[in-house]
Amino acid sequence: MKMAMTAGQLAAMQMVFGYGVCFFMGLTCATILWLIWTGKIDLSSLLSETNGDASMSRFQLLIFTFVVAVCLFLLTVQNGQFPFISTGILTLLGISASTYAAGKAISYSRDEGVTTSDERSDMRQTAQAISNTGAATMVDSAGTASSGSEVPVAPPVPVAPVP
Amino acid sequence: MVLFLQTKVMHMSVAKLLYWEMLGFLVGLVCLLAWRMLTGQMALRGLLMRKDGRGQRVSPERVPLLLATLGLSGYVLVQVFEGGLRSFPDVGWQWVAVFGGSSGLYAGVKALTTLRRKV
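Residues numbered from 1 in each chain as written. Chains lettered and ligands numbered in written order. Predicted model: local features only at pLDDT ≥ 70, side-chain atom pairs only at ≥ 80, totals over all residues. Heavy atoms only, no water.

**Comments concerning the overall build of chain B**
Broken down by element type, chain B carries four helices and zero strands. Moving toward the C terminus, one meets the helices and strands of chain B in the order α-α-α-α. Out of the 119 residues in chain B, the part that is buried amounts to 34%. The contacts of chain B with a sequence gap of at least 6 include a subset with a gap of at least 24, amounting to 41%. (Helix = DSSP H or I, 4+ residues; strand = E, 2+ residues; numbered from the N terminus. Buried < 20%, exposed > 50% of the residue type's maximum accessible area, 1.4 Å probe, protein only. Contact = heavy atoms within 4.5 Å.)

**Let's talk about the side chain of Ser86(A)**
Among the structural elements, Ser86(A) can be located in the loop between helix H2 (56–79) and helix H3 (87–108). For Ser86(A), a relative accessible area of 7% translates into the label buried. At a separation of 3.4 Å, a polar atom in the side chain of Ser86(A) contacts the main-chain carbonyl oxygen of Pro89(B). Among all residues touching Ser86(A), those that are not within four sequence positions of it are Pro89(B) and Asp90(B). (Polar contact = N/O pair within 3.5 Å; in protein donor to acceptor, adjacent residues only side chain to side chain.)

**A short note on the interface of chain B and chain A**
At the interface, 63 residues of chain B touch 60 residues of chain A. Summing both partners gives a buried area of about 5,400 Å² for chain B against chain A, and 76% of it is carried by carbon and sulfur. Where chain B meets chain A, there are one salt bridge. We note a salt bridge from Asp53(A) to Arg45(B), for which the minimum N-O separation is 3.1 Å. The tally of links between chain B and chain A comes to ten residue pairs in polar contact (both at pLDDT 80 or more). When the residues that make up the side of chain B that touches chain A are grouped by side-chain class, the tally is 39 nonpolar, 13 polar and eleven charged. (Buried area = accessible area lost by both parts, 1.4 Å probe. Salt bridge = Lys/Arg side-chain N within 4 Å of Asp/Glu carboxyl O. Nonpolar A, V, L, I, M, F, W, Y, C, P; charged D, E, K, R; others polar.)

**Describing the nonpolar core**
Within the largest apolar cluster, 41 residues are counted, with the highest numbers of intra-cluster contacts made by Met56(A), Phe59(A), Leu92(A), Val76(B) and Phe99(B). Listed by contribution, the elements that provide at least two residues to this core are helix H1 (7–38), H2 and H3 of chain A together with helix H2 (14–38), helix H3 (62–82) and helix H4 (93–118) of chain B. Inspection of this core shows a minimum of three residues originating in each of domain 1 (11–44) and domain 2 (47–119) of chain B. For Met56(A), the contacting residues outside a window of four places in its chain are Leu47(B), Leu48(B), Arg62(B), Leu65(B), Leu66(B) and Tyr106(B). (Core = buried A, V, L, I, M, F, W, Y, C linked by side-chain atoms within 4.5 Å. Domains from an automatic or database assignment.)

**Focus on the packing of H2(A) against H3(B)**
Geometry of a packed helix pair, given as the angle between the helix axes and the separation of the axes. Two numbers describe how H2(A) lies on H3(B): the axes approach to 10 Å, and their chain directions differ by 5°. Classified by the angle between their axes, H2(A) and H3(B) sit roughly parallel to one another. For the pair formed by H2(A) and H3(B), the contact residues are Met56(A), Phe59(A), Gln60(A), Ile63(A), Phe64(A), Val67(A), Cys71(A), Leu74(A) and Leu75(A) on the first element and Arg62(B), Leu65(B), Leu66(B), Thr69(B), Leu72(B), Ser73(B), Val76(B), Leu77(B), Val80(B) and Phe81(B) on the second. Taken together, the residues of the contact of H2(A) with H3(B) break down into 15 nonpolar, three polar and one charged. (Axes fitted to C-alpha atoms, helices over the stretch in contact; angles between N-to-C directions. Parallel < 35°, antiparallel > 145°, perpendicular 65-115°, else oblique.)

**Quick look at the packing of aromatic side chains**
As enumerated under the stated definition, the model contains four aromatic pairs over all chains in all. For the ring pair Phe73(A) and Tyr19(B), a centre distance of 6.0 Å and an interplane angle of 10° mean the geometry is stacked. Of this pair, Phe73(A) sits in helix H2 while Tyr19(B) sits in helix H2, each in a different chain. For Phe73(A), a relative accessible area of 16% gives the class buried. With a centroid separation of 5.3 Å and 65° between ring planes, the pair formed by Tyr19(B) and Trp20(B) is classed as edge-to-face. Take Trp20(B): its relative accessible area is 46%, and that puts it in the partly exposed class. Connected via pairs of aromatic rings, a cluster forms that spans Phe73(A), Tyr19(B) and Trp20(B). (Phe/Tyr/Trp six-rings, centres within 6.5 Å; stacked < 30°, edge-to-face > 60°.)

**Observations concerning the state of the cysteines**
In this structure the tally under the stated criterion is zero disulfides over all chains. Cys31(B) forms no disulfide, and the closest cysteine sulfur to it belongs to Cys29(A), at a distance of 15 Å. Taking relative accessible area as the criterion, Cys31(B) reaches 47% and is therefore assigned partly exposed. (Disulfide = S-S within 2.5 Å.)

**Some points on unusual backbone geometry**
Positive phi, normally seen in glycine, also occurs at Leu85(B), with a value near 55°. Within the secondary structure layout, Leu85(B) lies in the loop between H3 and H4.

Below, the structure is given as structure tokens:
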């Protein structure tokens, strides 16, 4: 036996689901903003490279993407349909993203891009300390540390792992 | 107050309600990010500085990229609003050249600096 829904019932269902979606979207947006505000979603390193410094390529990508996203939203709402995105805007978005990718690739290809100055200083001091003992390499449970002098004076001695 | 809001909400269409929610989210997100940047909670240290480990010096190729980004973003926003929120502006080849040139300069100098240090 088929159950036919009346127009009124369909309209009521549409309204209920519509307001349900609105409630869900509103709750999601409010939750995200609240989590960002309280720091649970940590954005402090959003613009940082691996070494902790701010990245210009990330900054320009963030700014330009945000501007295009806001404009896209406003135009969609105003016109009731997805707006036509000109070739110029797409080209600029592509340049922005490519600059970010290139900057990231270059950063990861050198020590200064992935380590802080403190870490590099620690590594130099470790290498110097090993060199002062006259050992060529130092082996511990984590692997081989950086080498000291070229000519080994004593065979490598296993070092107990530091707790 | 709650009854007043409930009445207001019930008279709003679903589309209008979604519009205000999305707008509120976008505005809230932009304001949060801007607040974090201005109060130093989001790291902007060294944004314009050289990253070659030879001390803190302003990097000349980063300044044009920053200015081009801010200028282009402002231009797009102004054109969209001046056009009555009808369509995206038709960005001329001059803006593409300026932005592309400053980005290319930034990436090129960064790559050159890296190659020099490797050699």
